[in-house]
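# Descriptive analysis of the structure
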Amino acid sequence: QVQLVESGGGLVQAGGSLRLSCEASGGTFSRKTMGWFRQVVGKERKFVASIQWTDGTTFYGDSVKGRFTISGDNAKSTVYLQMNALKPEDTALYYCAVAIPMDLGGSGGFDFWGQGTRVIVSS
């Protein structure tokens, strides 16, 4: 029902910046949580950042605190990830995800996922 489309990935040099976007369609939820995850080939998917639509509360993985910023645009139903001071270890496939309220059918975790956008940071 909900479709997420990521964009903004690319190839950058260490120290550079990128802004990822994730547009949601197929339904909007005022009490949703949207987040970003990343995965390297052969490794488990890891949490990057999330934002709660109820109050704008944000959370970040330890490795990106101080460098990445997540934000949302309610009117556009879009979440962004501003990535600064990029490091080679940030190289990964970045996925957008959304968690809907359990009283609306949510699982209690993240329910829908995008197909990912690739970020490559060269040294």
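What you are looking at is a predicted structure, and each value in this text was computed from that prediction instead of being measured. (Residues numbered from 1 in each chain as written. Predicted model: local features only at pLDDT ≥ 70, side-chain atom pairs only at ≥ 80, totals over all residues. Heavy atoms only, no water.)

### Digging into the overall build of the protein chain
In plain terms, the rule: Every helix listed is a DSSP run of H or I at least four residues long, and every strand listed is a run of E at least two residues long, numbered separately from the N terminus. The size measure is the radius of gyration over C-alpha atoms, and the globule rule it meets is 2.2 Å times the number of residues to the 0.38 power. Type-normalised accessible area, obtained with a 1.4 Å probe on protein chains alone, sets the label of each residue: buried when under 20%, exposed when over 50%, and partly exposed for intermediate values. Calculation of accessible area relied on Shrake-Rupley with a 1.4 Å probe; when residues are assessed, cover is drawn exclusively from the protein chains displayed. Note on charges: Lys and Arg go in the positive column, Asp and Glu in the negative column, and His and the chain ends are not counted at all. By convention, the charge on Lys lies at NZ, on Arg at CZ, on Asp at CG and on Glu at CD.
Along the backbone of the protein chain there are 0 helices and 11 strands. What you see in the protein chain, going N to C, is helices and strands ordered as β-β-β-β-β-β-β-β-β-β-β. Radius of gyration (C-alpha) of the protein chain: 14 Å, near the 14 Å computed for a compact globule of 123 residues. Along the three orthogonal principal directions, the C-alpha set of the protein chain runs to about 45 × 30 × 25 Å. For the protein chain, the proportion of its 123 residues judged to be buried stands at 39%. Counting every atom, the protein chain has about 6,700 Å² of accessible surface; 48% of that belongs to carbon and sulfur. Across the protein chain, the mean location of the 12 positive side-chain charges is 5 Å away from that of the 10 negative side-chain charges.

### Brief notes about the packing of aromatic side chains
Our working rule: Side-chain rings of Phe, Tyr and Trp (the six-membered ring for Trp) are treated as a pair once their centres are within 6.5 Å; stacked means planes under 30 degrees apart, edge-to-face means over 60, and tilted covers the remaining angles.
Evaluated as defined, the whole model comprises 4 aromatic pairs. For the ring pair F37 and W113, a centre distance of 4.9 Å and an interplane angle of 55 degrees mean the geometry is tilted. Placement of the pair is F37 in strand β4 (residues 33–39) and W113 in strand β10 (residues 112–113), with a sequence separation of 76 residues. Note on W113: relative accessible area 34%, which makes it partly exposed. Consider the rings of F110 and W113, whose centres lie 6.2 Å apart with planes at 55 degrees: the pair is tilted. A relative accessible area of 26% means that F110 is categorised as partly exposed. Within the aromatic cluster, the residues linked to one another by ring pairs are F37, F47, F110 and W113.

The values are spatial; any link to function lies outside them.
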